[in-house]
Amino acid sequence: SISLRARPVENGIAPPDQAMNSMPCRRRFPVHQAATVALALALAACATRPPLDAAGVRADLAPWQVAELAEQGPTPEAVVLWAGMIVGVDNLPDATEITIESYPLDKSQRPVVGAPSAGRFIAVLPGYIEALDLPEGRFLSVKGRVAGSRETRLRGELGILPVIYADARYLWPAGFQYERSNIS
């Protein structure tokens, strides 16, 4: 019996093991390392950064806190990043006001929908924005400057809502709250 390695080449094609051994000596990339690299690249591609720049944001101020401070005096001049569910959209001649039921944020700036509400606030966006583009029930993150407060009726009672002039916003995709965050 002839060993597999000593078998002659038939029809100009070497057996698979001979073909591999006849290749110039190169370092082979092990399959398990290739799989590890591919997995790492896939995970890196899926990882997302938070949608809004949080530089200069006062993370310690929630809408309910600003509303309480407004009852005692002027609202703090601060840049905030708040998010929540859109509960109303009002178009004005030169701006759009969005009333938002706020929720705390996770580390990827997503509203934590199962958490207790952090209060309502009004985000003022420059210009006209079609209400259909910001439908009630969708979730929105906004970054902007606290610009005061407004007395309004909430569920039949008088309440104070903080007002922010938003210079950045992010509309969360429908159903985002059912997906896991990619930011660790």
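Here, every reference points to the structure presented above.
Within every chain, residues take consecutive numbers counted from 1 along the sequence as written. Only residues with pLDDT of 70 or above have their local features reported here, since the model is predicted, and side-chain atom pairs are shown and tallied only from 80 upward, although totals for entire chains, interfaces and linings are computed over all residues. Working from all heavy atoms in the structure, the side-chain values ignore hydrogens and water.

1. Observations regarding the packing of aromatic side chains
Centre distance and the angle of the planes are the two values used to describe a pair of aromatic rings.
Then step 1. Think of it this way: a Phe, Tyr or Trp ring, Trp meaning its six-membered ring, pairs with another when their centres are within 6.5 Å, and the plane angle makes it stacked under 30 degrees, edge-to-face over 60, tilted otherwise. According to the stated counting rule, one finds 3 aromatic pairs in the structure shown.
Then step 2. Judged by centre distance (5.0 Å) and plane angle (65°), the ring pair of Trp-82 and Phe-121 falls under edge-to-face. Of this pair, Trp-82 sits in strand β1 (residues 79-91) while Phe-121 sits in strand β3 (residues 119-126), and the two are 39 residues apart along the sequence.
Then step 3. Per-residue accessibility, obtained with a 1.4 Å probe over protein chains only, is compared with the maximum for each type, and a residue is labelled buried under 20%, exposed over 50%, and partly exposed between these values. Taking relative accessible area as the criterion, Trp-82 reaches 4% and is therefore assigned buried.
Then step 4. The buried category is assigned to Phe-121, whose relative accessible area is 0%. We count a stretch as a helix when DSSP gives it H or I for four or more residues in a row; a strand needs E for two or more, and each element gets its number in order from the N terminus.

2. Some words on the pairing of strand β5 (residues 157-171)
Then step 1. Pairs of strands are assigned from DSSP output, requiring at least two bridges between the strands. Sheet topology note: the β3/β5 ladder contains 3 bridges and is parallel. Within β5, the residue paired with Ile-122 across the bridge is Val-163.
Then step 2. When strand β4 (residues 139-154) meets β5, the two strands line up antiparallel, connected through 14 bridges. Residue pairing across strands places Ser-149 opposite Pro-162, the latter belonging to β5.

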